[in-house]
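This is what each chain is made of:
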Amino acid sequence: MPHPWPAELAALRRRLQDELGARFNSVLANLYRDGRDAMGWHSDDELELGPQPLIASLSLGAPRRFVLRRRDDPARKLALQLEPGSLLLMGGSTQRHWKHALPRTARPVGARINLTFRQVQPHPRRPPPAAAAP
Ligand SMILES: O=C(O)CCC(=O)C(=O)O
Ligand SMILES: [Fe+2]
């Protein structure tokens, strides 16, 4: 069940929509309590996000390292330090071609909160069915 937007998140959403000229109808909140909390390799490529989702990812709290790697060439990697107050935008075919992760770290780090704003389509378009045999 969707929840109503708390005022603070509604304000953030409004500002992002105005700045980016995009629409967001959902936000996913992740809490990383310390360096042991992490997120594994994945793409945000759920059907309901559509083929070219724009994901706006706001980082708060402790800085953490964020890594990307090509799906077709996992040796091709990028690493970013996500600082508090930073906004990472992933758009276009990023999810189709890249995976991303937030690795665990042995360094002593405080808590981090990450908010990813997304536009979930109520009626996702499914890939076309395989052609029927003649
Ligand atoms: O915490 C982050 O910066 C990444 C979060 C993420 O990839 C996700 O929620 O899909
Ligand atoms: Fe993600």
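For the structure itself, consult the block above.
So, how was this worked out
Residues numbered from 1 in each chain as written. Chains lettered and ligands numbered in written order. Predicted model: local features only at pLDDT ≥ 70, side-chain atom pairs only at ≥ 80, totals over all residues. Heavy atoms only, no water. Helix = DSSP H or I, 4+ residues; strand = E, 2+ residues; numbered from the N terminus. Contact = heavy atoms within 4.5 Å. Lys, Arg positive; Asp, Glu negative; His and termini not counted. Charge placed at Lys NZ, Arg CZ, Asp CG, Glu CD. Pairing = 2+ DSSP bridges. Axes fitted to C-alpha atoms, helices over the stretch in contact; angles between N-to-C directions. Buried < 20%, exposed > 50% of the residue type's maximum accessible area, 1.4 Å probe, protein only. Near = heavy atom within 4 Å. Polar contact = N/O pair within 3.5 Å; in protein donor to acceptor, adjacent residues only side chain to side chain. Areas by Shrake-Rupley, 256 points an atom, 1.4 Å probe, with all protein chains shown as cover. Nonpolar A, V, L, I, M, F, W, Y, C, P; charged D, E, K, R; others polar. Donors = N, O, S within 2.8 Å, 3.2 Å for Na, K, Ca; no water.

Trainee: Any chance you could break down the overall build of the protein for me, citing the residues and the numbers?
Mentor: When its secondary structure is counted, the protein shows two helices and eight strands. Going residue by residue from the N terminus, the α and β elements of the protein occur as α-β-β-β-β-β-β-α-β-β. For the C-alpha atoms alone, the extent of the protein along its principal axes is close to 60 × 40 × 25 Å. For the protein, the share of sequence-separated contacts (at least 6 apart) that also reach a separation of at least 24 residues comes to 79%. With 21 positive and 12 negative side-chain charges, the protein shows a spacing of 3 Å between the two charge centroids.

Trainee: Explain the sheet that holds strand 5 (residues 77-82) to me, using residue names and the numbers behind them.
Mentor: Taken together, four strands build an open sheet; the order of strands is 2-7-4-5 and the sheet is antiparallel. Bordering the open sheet on either side are strand 2 (39-42) and strand 5, each of which pairs with just one other strand. The average angle at which neighbouring strand axes cross in this sheet is 15°, direction not considered. Note that strand 4 (residues 64-70) and strand 7 (residues 98-102) share four bridges and pair antiparallel. Across the sheet, the residue bridging to Arg69 is Lys99, located in strand 7.

Trainee: Tell me about the side chain of Arg118, residues and numbers included.
Mentor: Secondary-structure assignment places Arg118 in strand 8 (residues 112-118). By relative accessible area, which is 10% here, Arg118 ends up buried.

Trainee: Lay out the site of ligand 1 in plain terms, naming residues and giving numbers.
Mentor: In the vicinity of ligand 1 lie 14 residues, with Asn30, Tyr32, His100, Arg112 and Arg118 positioned nearest. Within the side chain of His42, a nitrogen or oxygen atom sits 3.1 Å from an oxygen atom of ligand 1. Between ligand 1 and Asp44, the relevant distance is 3.1 Å, taken from an oxygen atom to a side-chain nitrogen or oxygen of the residue. Protein contacts shield 97% of the accessible area of ligand 1, which totals 290 Å² for the unbound molecule. For the shell around ligand 1, the elements supplying multiple residues, two or more each, are strand 1 (26-32), strand 2, strand 7 and strand 8. Top element by residues in the shell around ligand 1 is strand 8. It accounts for four residues. Here the residues of the shell around ligand 1 are counted per class, giving six nonpolar, five polar and three charged.

Trainee: Residues and numbers for the coordination of the iron ion (ligand 2), please.
Mentor: Distances from the iron ion (ligand 2) to its protein donors, His42 (NE2), Asp44 (OD) and His100 (NE2), fall within 2.1 to 2.3 Å. Judged by relative accessible area, His42 falls into the partly exposed class, the value being 21%.

Trainee: So what's going on with the pairing of strand 6 (residues 87-90)? Which residues, and what values?
Mentor: Of the two faces of strand 6, only one is covered, namely that formed by Leu88 and Met90; the face formed by Leu87 and Leu89 stays uncovered. Taken together, the four bridges between strand 3 (residues 55-61) and strand 6 define a ladder with antiparallel strand orientation. Within strand 6, the position partnered with Ser57 by the bridge is Leu88.

What is shown is where atoms sit, not what they do.
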